Amino acid sequence: MPISPTPRLPSSSSAAPVVNTRVALAVATTIFFMWGFLTCLNDILIPHLKAVFELNYARAMLVQFTFFGAYFLMSLPAGRLVAHLGYKKGIVAGLAIAAVGALGFWPAAELRVYEAFLGALFVLATGITVLQVAANPYVALLGPEQTASSRLTLAQALNSLGTAIAPIFGGLLILGNTVKSADEIGALPAAEQIAYRVQEAQSVQGPYVGLAVALFLLAVFVYLFRLPALNETTEQADTSKHTLLDALRHRHVLFGVLAIFFYVGAEVSIGSFLVNYLSLPNIGGFTEKEATHYVSAYWTLAMIGRFAGSAIMTRFSPRVLLTLFAGMNVALLALTMLSQGQVALYSIVAVGLFNSIMFPTIFALSIERLGTLTNKASSLLIMAIVGGAVVPYLQGLLADQIGLHESFILPLLCYGYIIFYGLSGSRPAVGFRQGA
């Protein structure tokens, strides 16, 4: 992958040597792996806490609501923090905040209070929000603009690797023991019920404390590593003191925020309903346990697509590929809605492959040529990840009204918008000036 051998140096260059962009990119991709790993652990945490605290589904889903809510609530403060510290120190701060959140699972387990777990999770998600705001534009800017989408797609592939490994890790360490049902717990003597709940609540302590230590060590490593600062694209170099509205006035930023909202919403929505969908008698007729193998395939295809897409985008226009991939997902969702059985099954799972390049490509195109407005646009784009909370809920309402099979019209329309973004919405307005 062609990457500039020398980094862009901060406008106020120092005598301290910095590493080349290939090494800096390798360091940055470890950040993407970690937040992918931490994010996917929620899928293990939800059934565990549901059983421990005897939650209904609505209360159990507060785990995801809390996580995605942090993106929406904390992206603007995270943007201010990164604008003040710069990209490198912003990444360090994000890792440290996430480590504090992970460490918070220890007292939460001691207290055995569900809301304490949610509080720790919110702090953890806040750290990941800071990482998203800092690391996504940092990787995109770490080399020539024409290969920004390729670099970000490669980094996101490492993020997908983290999501693939986390369920195995969580399954072994958090769900290693069989979680008892409410009836089974009720059949135990009172003393054994208390002991069981203590044991299950505390089973998250070891894994999350270990993650906290790893995050702190990674923060120290990044801080000591001589990464390019790229301060010329942060608010530190912004003498005009631009606002968020200044960023939104650029059409490719505004349309990009909507594209991130609809993409993340569609991706999360499909993943959330996949087990139920494949369990339908006319689709797969699987048990929930059997259906999870296809959910794993859905995310694995996204990882494969990102590794492949990183190489492909060095030779083809990111806008063309984004339009093509979104068009493929529209076709696949239409096919799954109009068919049944194996055709419907494999067409919905294949959507994961074409999801692969979308987030990094939309992100890179949305911050294209923004200069000192990059921080502002990055905060807005990360805020738009709240689509992952909104679109699944709306599809759920739609499924209750017209049926799950037909409700996939909603993510289909989301991908239809991304076709528009690739064709037209991602192009800066005529007369656009960098950083204006």
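Going by the structure above, here's the rest.
Here is what the cut-offs are and how they apply
- Residues numbered from 1 in each chain as written.
- Predicted model: local features only at pLDDT ≥ 70, side-chain atom pairs only at ≥ 80, totals over all residues.
- Heavy atoms only, no water.
- Patch = residues over 30% accessible without salt bridge, like charges linked within 9 Å, V, L, I, M, F, W, Y side chains within 5 Å.
- Areas by Shrake-Rupley, 256 points an atom, 1.4 Å probe, with all protein chains shown as cover.
- Salt bridge = Lys/Arg side-chain N within 4 Å of Asp/Glu carboxyl O.
- Helix = DSSP H or I, 4+ residues; strand = E, 2+ residues; numbered from the N terminus.
- Expected span 1.5 Å × (residues − 1).
- Buried < 20%, exposed > 50% of the residue type's maximum accessible area, 1.4 Å probe, protein only.
- Arc of directions from axis to C-beta.
- Polar contact = N/O pair within 3.5 Å; in protein donor to acceptor, adjacent residues only side chain to side chain.
- Contact = heavy atoms within 4.5 Å.
- Phe/Tyr/Trp six-rings, centres within 6.5 Å; stacked < 30°, edge-to-face > 60°.
- Axes fitted to C-alpha atoms, helices over the stretch in contact; angles between N-to-C directions.
- Parallel < 35°, antiparallel > 145°, perpendicular 65-115°, else oblique.
- Left-handed = near helix turned anticlockwise from the far one by under 90°.
- Nonpolar A, V, L, I, M, F, W, Y, C, P; charged D, E, K, R; others polar.

Draft legend 1. A look at a nonpolar patch on the surface. A cluster of nonpolar residues, Val390, Tyr393, Leu394 and Leu397, forms a patch on the protein surface that exposes about 360 Å² of accessible area. Along the chain, Leu394 turns up in helix H19 (residues 387-402).

Draft legend 2. Representation of helix H11 (residues 205-224) within the structure. Taking 1.5 Å of rise per residue, 20 residues should cover 28 Å, and H11 covers 29 Å from first to last C-alpha, within 8% of that figure. Regarding H11, the residues found buried are Gln205, Pro207, Tyr208, Leu211, Ala212, Leu215, Leu218, Ala219 and Val222. One side of H11 holds all its buried residues, which, seen down the axis, span an arc of 165°. Residues of H11 that are exposed and point over 90 degrees away from its buried face: Leu217 and Leu224.

Draft legend 3. Structural context of the side chain of Ser407. Assignment of secondary structure puts Ser407 in helix H20 (residues 404-407). Within the structure, the side chain of Ser407 is placed 2.8 Å from the backbone oxygen of Leu404, a separation counted as a polar contact. Beyond its immediate stretch of four places on either side in the chain, Ser407 contacts Gln395, Leu398, Ala399 and Ile402.

Draft legend 4. A look at unusual backbone geometry. Positive phi outside glycine occurs at Arg112, with the angle close to 55°. If you trace the backbone, Arg112 turns up in the loop between helix H6 (105-111) and helix H7 (114-141). A relative accessible area of 38% means that Arg112 is categorised as partly exposed.

Draft legend 5. Spotlight on the packing of aromatic side chains. Inspection of the entire model under this criterion finds 18 aromatic pairs. Measuring from ring centre to ring centre gives 5.2 Å for Phe255 and Phe420, while their planes differ by 85°; the resulting arrangement is edge-to-face. Of this pair, Phe255 sits in helix H13 (residues 251-278) while Phe420 sits in helix H21 (residues 409-425), placing them 165 residues apart in sequence. For Phe420, a relative accessible area of 31% puts it in the partly exposed group. Every member of this aromatic cluster is reached through a ring pair, and the members are Phe255, Phe261, Phe262, Tyr417 and Phe420.

Draft legend 6. Representation of the packing of helix H1 (residues 21-40) against H11. Two elements in contact, H1 and H11, have axes whose closest approach is 11 Å; the angle formed by their N-to-C orientations is 160°. Classified by the angle between their axes, H1 and H11 sit roughly antiparallel to one another. Handedness of the H1/H11 crossing: left-handed. Facing Val27, Thr30, Ile31, Met34, Phe37 and Leu38 of H1, the residues of H11 in contact are Leu211, Leu215, Leu218, Phe221 and Val222. Along the lines of polarity and charge, the residues of the contact of H1 with H11 split into ten nonpolar, one polar and no charged.

Draft legend 7. Just the packing of helix H5 (residues 87-103) against H7, in detail. Axis separation between H5 and H7 bottoms out at 7 Å; the angle between their running directions is 160°. Of the possible angle classes, the one that applies to H5 and H7 is roughly antiparallel. Between H5 and H7 the crossing geometry is left-handed. Mapping the contact onto sequence places Tyr87, Gly90, Ile91, Gly94, Leu95, Ile97, Ala98, Val100, Gly101 and Ala102 in H5 and Ala120, Val123, Leu124, Thr126, Gly127, Val130, Leu131, Ala134, Ala135, Pro137, Tyr138 and Leu141 in H7. Partitioned by chemical class, the residues of the contact of H5 with H7 number 17 nonpolar, five polar and no charged.

Draft legend 8. Spatial organisation of the pattern of salt bridges. Evaluated as defined, the whole model comprises two salt bridges. Residues Asp246 and Arg249 are paired through a salt bridge, measuring 2.5 Å at the closest nitrogen-oxygen approach. For Arg249, a relative accessible area of 61% translates into the label exposed. Linking Glu368 and Arg319 is a salt bridge whose minimum nitrogen-to-oxygen distance equals 2.8 Å. Note that Glu368 is positioned in the loop between helix H17 (358-366) and helix H18 (374-383) and Arg319 in helix H15 (residues 318-338), a separation of 49 residues in sequence. Looking at Glu368, the relative accessible area reads 16%, which means it is buried.

Draft legend 9. H5, seen in detail. The terminal C-alpha atoms of H5 lie 24 Å apart, and with 17 residues this matches the ideal 24 Å at 1.5 Å per residue to within 8%. Judged by how many residues are buried, H5 sits mostly within the fold: twelve of 17 residues are covered. Of the residues making up H5, those classed as buried are Tyr87, Lys88, Gly90, Ile91, Val92, Ala93, Gly94, Leu95, Ala98, Ala99, Gly101 and Ala102. Packed against the buried residues of H5 are H1, helix H4 (62-85), H6, H7, H11 and H18.

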